[in-house]
Structures are given as C-alpha cells and as structure tokens.
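For reference, the chains in residue letters:
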Amino acid sequence: MTSTPRARIAVLGSTNMDFVAYAPVAPGRGETVTGESFRTVAGGKGANQAVAAARAGGDVAMIGAVGDDCLGPRLRAVLDEAGVDTRTLRTVPGASGTAHIVVDGAGHNSIVVVPGANATVTSLTEEDERVVAGSDALLLQLESPVDGVLAGLRAARAHGVRTLLTPAPAQPLPDELLSLVDLLVPNEHEAAALTGLRDPREAARALLERVPEVVVTLGSDGCLYSSRDGETLAVPARRVTAVDTTAAGDTFVGALAVALGEGRRPEEALRWATAASALSVQHHGASSSMPGRSAVDRLAATAP
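The following refers to the structure shown. Note that this is a predicted model, so its numbers are computed, not measured.

**Quick notes on the overall build of the chain**
Phase 1 of the analysis: For the chain, the count of helices and strands is 10 helices and 13 strands.
Phase 2 of the analysis: For 304 residues, the compact-globule formula gives about 19 Å, and the C-alpha radius of gyration of the chain, at 18 Å, lands near that figure.
Phase 3 of the analysis: Its C-alpha atoms give the chain principal-axis dimensions of about 50 × 45 × 45 Å.
Phase 4 of the analysis: For the chain, the proportion of its 304 residues judged to be buried stands at 53%.
Phase 5 of the analysis: The long-range share in the chain, meaning contacts at least 24 apart out of those at least 6 apart in sequence, stands at 66%.
Phase 6 of the analysis: When the accessible surface of the chain is totalled, it reaches about 13100 Å², and 52% of it is carbon and sulfur.
Phase 7 of the analysis: Looking at charge distribution, the chain has the averaged site of its 26 positive side-chain charges lying 3 Å from that of its 35 negative ones.

Here's what the structure looks like:
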C-alpha cells in the first residue's frame, strides 16, 4: 500500500514569544487582578500555523523574521524541534516579536502583540519565492506587514500555489489582497469586521464576492464552509473541556492546510482539522498545545 505524499506547506507570518498569565478573571480597564500562573511559550500566528502543520504531518517551511536578541534563538529552536525548515526565517537587528496574553478561568484569552522583527518582513527574497513556488499551499496571516503579505500572495499566484489567509488581527484589506486569496479563514468576529454582518452565514456569503472559498470558525460551535460553486457545510466542534484557546484557530488552519494538501475533500479536511483544534484547547500554551498526527487521526476516527 502506498503512503500519502506529505503536503508541502509554506508559511509566511509572525514568530513571537508569548508571555501568558493565567487568572480566574481577566482584568477590566484600570483593574489589577491576582494571577494563578505564568508561562513563556513560543508563538505568533505564523509560527503557530507552521508548528501545527508540521505536527499534522506536513513538510513545512517558515518565512519570517526574529530579532538578534535573546528570544530569537529560542523561537528558532522551537520551530526546528517541530520539524519546520527555518532556513528562510531571517535574523534581523533588534527585538523579536512578543505577545502578552491573559487567559481567564474559562479558557478565553485577550492578547496584545508587539511586532518587533516581524515588522521587517515587507518583501520576499529570491529564496523565499523558491520556497513558495515549491509548495502545495501558502499560509498567511496579518501579524506581518500588508506589503509582505501581498508579496507572498503575488508569488503564490504566479506559481499556481493555493493560498490560505487568516485575516487576524482584523483590519480593512485592499481589494488586490483579497483577489489573490483562494481560501479565507476568519473567525466569526473577523468575518463581521470584514463585512459588517453579524450573522456568520450572511458574512460568508458576502465574502464569496471577494474570495472563492470561505471557512468561518465559530469556536465551540464548529465552523461553516462556503464556496462559489454552491457547496456549503456546517461542521460541529468536538465537545471537550477547554483550558486554553490561545492556539485553537492556528491549529485548525495548519491541520486544514495539510489535509487539503493531501487531496482530501473539504468535509473530511474540516472534520480532521476540527479534531486537531479540539485536542489543542485541552492543553496550555500555543505551540506547546498542538497535537501530533496520530492523535488527530485517532480522534477524527471516532464519532463526533
């Protein structure tokens, strides 16, 4: 029996060190609360998606930047240990990116991101473009400068590579940028920000005027898929007890890219990615919470 070829995934995005405080209740404006614990975990939406895709069985390369501070080598090491190719992860003068996160007793989080070195990724090198050209899919997010995201999307389109964009943090996007996206993966809040529509189904339909395929993630309610060819799917989430949702969306996208890169149909790919996300929220941290392929396979094989 022949094995499934590994999906080749390029990720263009952020690499941050996450400073995570856990407290029963997140502080309001002007309020101080006492926390229960603190962790320092490698993260950033780009690096998170790269680690998730690698652990899900993809052949993954990371395009981005870290600083020449004490955090840069630690961030690179986490990607290396996960099996991510970091030859196109630049080291630039200055501070690495950081994220400052509060996780409350229900597992919900609020985040402040300081871009640092990520802000320097405004274009692609020749080697970056070669990596994109040799991939089945390019994953992108919006923690990197829009100019860099556009450069990645243009390169992918020129080489016939499928693009998946997570539009986070939410912001107005140029028409050209969305015209180069094949699959848009917003959560329900980002979909509302892009369309002005609160209902996720209405937002998905509106987004199809700008992109060919949309997956709106709905947290504990699963996800919605829509495409211009008329296919629509509602995939429920797995019922689990969440302790930290920090990397749930990135785990979902990384696993989804691998499943699609292996040629799975959208419904199977979405159910598999949903299983990966369900496993991730049962553990603390971002990259540290992401499951391996065998664990995802086991959960995906069970009835939801």
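**Describing the packing of aromatic side chains**
Phase 1 of the analysis: Taken as a whole and assessed by the stated rule, the structure comprises 1 aromatic pair.
Phase 2 of the analysis: Ring plane angle 10° and centroid distance 6.5 Å describe the contact between Phe19 and Phe38, whose orientation is recorded as stacked. With Phe19 in strand E2 (residues 16-22) and Phe38 in strand E3 (residues 37-43), this residue pair connects regions lying 19 residues apart in the sequence.
Phase 3 of the analysis: The exposure class assigned to Phe19 is partly exposed, which follows from its relative accessible area of 23%.
Phase 4 of the analysis: On the accessibility criterion, Phe38 (52% relative accessible area) is exposed.
Phase 5 of the analysis: Directly above the aromatic system of Trp272 lies the positively charged group of Arg264, at a separation of 4.5 Å from the ring centroid.

**As for the sheet that holds strand E10 (residues 183-184)**
Phase 1 of the analysis: Spatially, the 9 strands line up as an open sheet ordered E5-E4-E1-E8-E9-E10-E11-E12-E13, and their pairing is mixed. Each edge of the sheet is formed by a strand with only one pairing partner; in this case those strands are strand E5 (89-92) and strand E13 (232-235).
Phase 2 of the analysis: Judged from the 5 bridges that link them, strand E11 (residues 213-217) and strand E12 (residues 223-227) form a sheet pairing that is antiparallel. Bridge pairing in E12 places Thr217 opposite Cys223.
Phase 3 of the analysis: Taken strand by strand, helix H8 (residues 248-261) contacts strand E1 (8-12), strand E8 (137-140), strand E9 (162-165), E10, E11 and E12, and its axis lies near 170° from that of E8.

**Overview of the nonpolar core**
As a rule of thumb, soluble globular proteins bury nonpolar side chains together.
Phase 1 of the analysis: One finds Ile9, Phe252 and Leu270 to be the most contacted residues of the largest nonpolar core, which totals 49 residues.
Phase 2 of the analysis: With 8 residues, H8 is the single largest residue contributor to this core.
Phase 3 of the analysis: Counting 39 residues, the second largest nonpolar core, distinct from the first, contains Ala10, Val132, Leu153 and Leu207.

**Quick notes on helix H4 (residues 146-158)**
Phase 1 of the analysis: For H4, which comprises 13 residues, the first-to-last C-alpha distance of 18 Å matches the rise-based estimate of 18 Å (1.5 Å per residue) to within 8%.
Phase 2 of the analysis: Listing the buried residues of H4 in full gives Gly148, Val149, Leu150, Ala151, Gly152, Leu153, Ala155 and Ala156.
Phase 3 of the analysis: Structurally, H4 contributes buried residues whose contacts are with E1, helix H3 (126-133), E8, E9 and helix H5 (175-179).
Phase 4 of the analysis: Gly160 lies just past H4 and shows a positive phi near 70°.

**Concerning the packing of H8 against helix H9 (residues 266-280)**
Phase 1 of the analysis: One can describe the packing of H8 onto H9 by two numbers: an axis separation of 8 Å at closest approach and a directional angle of 145°. The way H8 lies across H9 gives a crossing that is right-handed. For the pair H8 and H9, the contacting residues are Ala248, Thr251, Phe252, Ala255, Leu256, Val258, Ala259 and Leu260 in the first and Ala269, Leu270, Trp272, Ala273, Thr274, Ala276, Ser277 and Ser280 in the second.
Phase 2 of the analysis: The residue inventory of the contact of H8 with H9, partitioned by class, reads 12 nonpolar, 4 polar and no charged.

**Some points on the environment of Leu164**
Phase 1 of the analysis: Position of Leu164 among the secondary structure elements: in strand E9.
Phase 2 of the analysis: Leu164 sits in the buried class, given a relative accessible area of 1%.
Phase 3 of the analysis: Along the sequence, Leu164 and Val181 sit 17 residues apart, while their C-alpha atoms lie 6.4 Å from each other.
Phase 4 of the analysis: Leave out the neighbours within four places in its chain, and Leu164 touches Ala137, Leu138, Leu139, Leu140, Leu183 and Ala257.

Parameters at a glance
- Residues numbered from 1 in each chain as written.
- Predicted model: local features only at pLDDT ≥ 70, side-chain atom pairs only at ≥ 80, totals over all residues.
- Heavy atoms only, no water.
- Helix = DSSP H or I, 4+ residues; strand = E, 2+ residues; numbered from the N terminus.
- Rg over C-alpha atoms; globule rule 2.2 N^0.38 Å.
- Buried < 20%, exposed > 50% of the residue type's maximum accessible area, 1.4 Å probe, protein only.
- Contact = heavy atoms within 4.5 Å.
- Areas by Shrake-Rupley, 256 points an atom, 1.4 Å probe, with all protein chains shown as cover.
- Lys, Arg positive; Asp, Glu negative; His and termini not counted.
- Charge placed at Lys NZ, Arg CZ, Asp CG, Glu CD.
- Phe/Tyr/Trp six-rings, centres within 6.5 Å; stacked < 30°, edge-to-face > 60°.
- Lys NZ or Arg CZ within 6 Å of the ring centre and 35° of its normal.
- Pairing = 2+ DSSP bridges.
- Axes fitted to C-alpha atoms, helices over the stretch in contact; angles between N-to-C directions.
- Core = buried A, V, L, I, M, F, W, Y, C linked by side-chain atoms within 4.5 Å.
- Expected span 1.5 Å × (residues − 1).
- Left-handed = near helix turned anticlockwise from the far one by under 90°.
- Nonpolar A, V, L, I, M, F, W, Y, C, P; charged D, E, K, R; others polar.

Everything listed here is a matter of coordinates, which is why it stays silent on function.
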